[in-house]
Amino acid sequence: AIDISKLRKDSGLVSLDYGYTNTGSTKSQITFVDGEKGILRYRGYNIEDLAAYTTFPETAWLLIYGNLPTREELGTFRRLLTENALIHENLLNFFREMPPSAHPMGILGAVVNALGLFTPRFYDDESKQDAFNLTVASLISKVRTIAAFSYKASIGEPFVYPDAEKSYCSNFLNMMFSSKAKPYNVDPLFVHALNVLLIVHADHEQNCSTSTVRMVGSSQASLYASICAGICALWGPLHGGANQAALETLMNIHQSGLTVKQVIEKAKNKKDPFKLYGFGHRVYKNYDPRAKVLKGLVHTIFDREHIADPLLDIASELEEAALNDDYFIERKLYPNVDFYSGILYHAMEIPTNMLTVMFAIGRLPGWIAHWKEMHDDPLSKINRPRQIYTGYAERPWLPIDNRG
Ligand code: ACO
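As a starting point, this report considers the structure included with it. Counting restarts for each chain: residues are numbered from 1 in the order of the written sequence. Totals for whole chains, interfaces and linings use every residue, but because this is a predicted model, local features are given only for residues with pLDDT of at least 70 and side-chain atom pairs only at 80 or more, for both listing and counting.

**Regarding the site of the ligand**
Being near a molecule or strand means, for a residue, that its backbone-placed C-beta atom lies within 6 Å of it. Surrounding the ligand, one finds 20 residues, the nearest of these being Ala242, Leu276, Phe279, Gly280 and Arg282. In this classification, the charged set is Asp, Glu, Lys and Arg, the nonpolar set is Ala, Val, Leu, Ile, Met, Phe, Trp, Tyr, Cys and Pro, and all remaining amino acids, among them Gly, are polar. For the shell around the ligand, the per-class residue count stands at eight nonpolar, eight polar and four charged.

Written as structure tokens, this is what we have:
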């Protein structure tokens, strides 16, 4: 076996790997991805099984604690989720004072960071494990409340408080859409869809935001600060922000009347770069298994509910054209998780600028699981990559009058 601790001390050799395409930053037992075969497993369980048979809280528990919860464990977790759904009244000022145009991802990051200021650091607590469990449930529960409140604030409606009788996903939809003016009955089919959406987003090993959570956490920053950093990393359009960008692309195609063929040609034109968001992945060189699950779900729901959305027709046509185009074939560019998620959220009437927030709610258990794994690993050190310096060699000092 390789003695990693010895290897680490043997510095001197620095590898240069832009974007860390081939650099492993850690060992991990949480999520397995085979990008060539299109396989994704959390703690050994296939994503297709988890999406079909579990709820989001069950999957969250699995990721964080390593095993599927027993009935008793799940009961306790659900109770903690219910008991910790509210946020401190002072935090409501964040929603009220932000400009109406503020992006909900910015609000989410700010409020999650502030949430940490209202909560003691659990590793200062004597009963560390209990305090950690409480923090986990509290974060997972409150993030959903924050997301729904930021939406209500953006449309100028009063907040709808969490309902202790409702499940995790049903509660979220109720907080988003119920109002005094209009009664809202949570549709069980949408509750099911939301569960699946959150589950397929729950972890994806060392992606940009998770690596950020680990990077920030490696300095022993708090869980809240680390998660806030992960939210900021997720926001970018090359990562989680791609779901908003992908849906907007479909809407633009619909409105502009561009043909799918024209869009494919635009995506291939290197002189006038145009990204086809929702296609391509650093690791998947085969169909993204999450996209496969979501594609099946879209068709099931739309067929059953007789929903006719032109965006789905455009997406299907686009996929078909890309999968048969040499440019996409050579580069192994398949639809990724962000391609079909937007269409499902659109059907639930979740607005476009909330899509990346939805991704963050789903990814939270993965971020927590990685933060915990790193925290518990005796080999963990502060993350500190090296560089290859390409600037000036030593230069003589120049007084200000001699410069320019
Ligand atoms: N549309 C058109 N061309 C693309 C696309 C795309 N969506 N994605 C990659 N390519 C092309 C690149 O231009 C490049 O072409 P070249 O070899 O001729 O220069 C080649 O495919 C390889 O792409 P890279 O950007 O080098 O691949 P990388 O692994 O660095 O990036 C990424 C992966 C960021 C996901 C990329 O495919 C992309 O930008 N996709 C669109 C954004 C997106 O959907 N992101 C979500 C990813 S999933 C997630 O984060 C949850």
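**Quick look at helix H10 (residues 208-217)**
Owing to its 3.6 residues per turn, the α-helix aligns residues three or four sequence positions apart on the same side. Burial analysis of H10 places eight of its 10 residues in the buried class, which makes it a mostly covered element. All buried positions along H10 are accounted for by Ser209, Thr210, Thr212, Val213, Arg214, Met215, Val216 and Gly217. Throughout, a pair of residues is in contact if the C-beta atoms placed from their backbones lie within 7 Å. Helix and strand assignments follow DSSP, with helices taken as H or I runs no shorter than four residues and strands as E runs no shorter than two, numbered in order from the N terminus. Those residues of H10 that are buried are in contact with helix H11 (223-235) and helix H18 (355-376). Each residue is classed by its C-beta neighbour count within 10 Å, where at least 20 other C-beta atoms makes it buried, 12 or fewer makes it exposed, and intermediate counts make it partly exposed; the C-beta atoms are placed from backbone geometry.

**Comments concerning the pairing of strand E2 (residues 39-42)**
Only one face of E2 is covered, namely the one carrying Leu40 and Tyr42; the face carrying Ile39 and Arg41 has none of its residues buried. The pairing criterion for strands is at least two bridges between them, as found by DSSP. As judged from the four bridges shared by strand E1 (residues 31-34) and E2, these two strands associate in the antiparallel manner. Pairing of Thr31 across the sheet is with Tyr42, part of E2. Where E1 folds back on E2, the antiparallel hairpin that results is connected by four residues, among which Gly38 adopts a positive phi of roughly 75 degrees. With two bridges joining them, E2 and strand E3 (residues 45-46) adopt antiparallel strand pairing. Note that in E3 the partner of Arg41 across the bridge is Asn46. Taken together, E2 and the strand that follows it, E3, pair antiparallel across an intervening segment of two residues, in which Arg43 is found at a positive phi of about 50 degrees.

**Section: the sheet that holds E2**
If you walk across this open sheet you meet the three strands as E1-E2-E3, and the pairing is antiparallel. Since the sheet does not close on itself, it has two edges, and those belong to E1 and E3, each with one partner.

**A word on the packing of helix H14 (residues 289-305) against helix H17 (residues 337-347)**
H17 packs onto H14 with a crossing angle of 30 degrees between their chain directions and a minimal axis gap of 8 Å. One element, H14, and the other, H17, form an angle in the roughly parallel class. The way H14 lies across H17 gives a crossing that is left-handed. Contact with H14, carried on its side by Arg290, Ala291, Leu294, Lys295, Leu297, Val298 and Ile301, involves Val337, Phe339, Tyr340, Ser341, Ile343, Leu344 and Ala347 of H17 and no other residues of that element. Split by residue class, the contact of H14 with H17 holds 11 nonpolar, one polar and two charged. Axis definition: a line fitted to C-alpha atoms, over the contacting stretch in the case of helices. Angles run 0 to 180 degrees between N-to-C directions. Angle categories are assigned with fixed cut-offs, so that under 35 degrees is roughly parallel, over 145 is roughly antiparallel, 65 to 115 is roughly perpendicular, and the rest are oblique. Crossings are sorted by hand: turned counterclockwise from the far helix by less than a right angle, the near helix makes the crossing left-handed, and turned clockwise it makes it right-handed.

**Points about the environment of Arg78**
Note that Arg78 resides in helix H4 (residues 71-83). Expressed as a C-alpha distance, the spacing of Arg78 and Thr55, which sit 23 residues apart in the sequence, is 11 Å.

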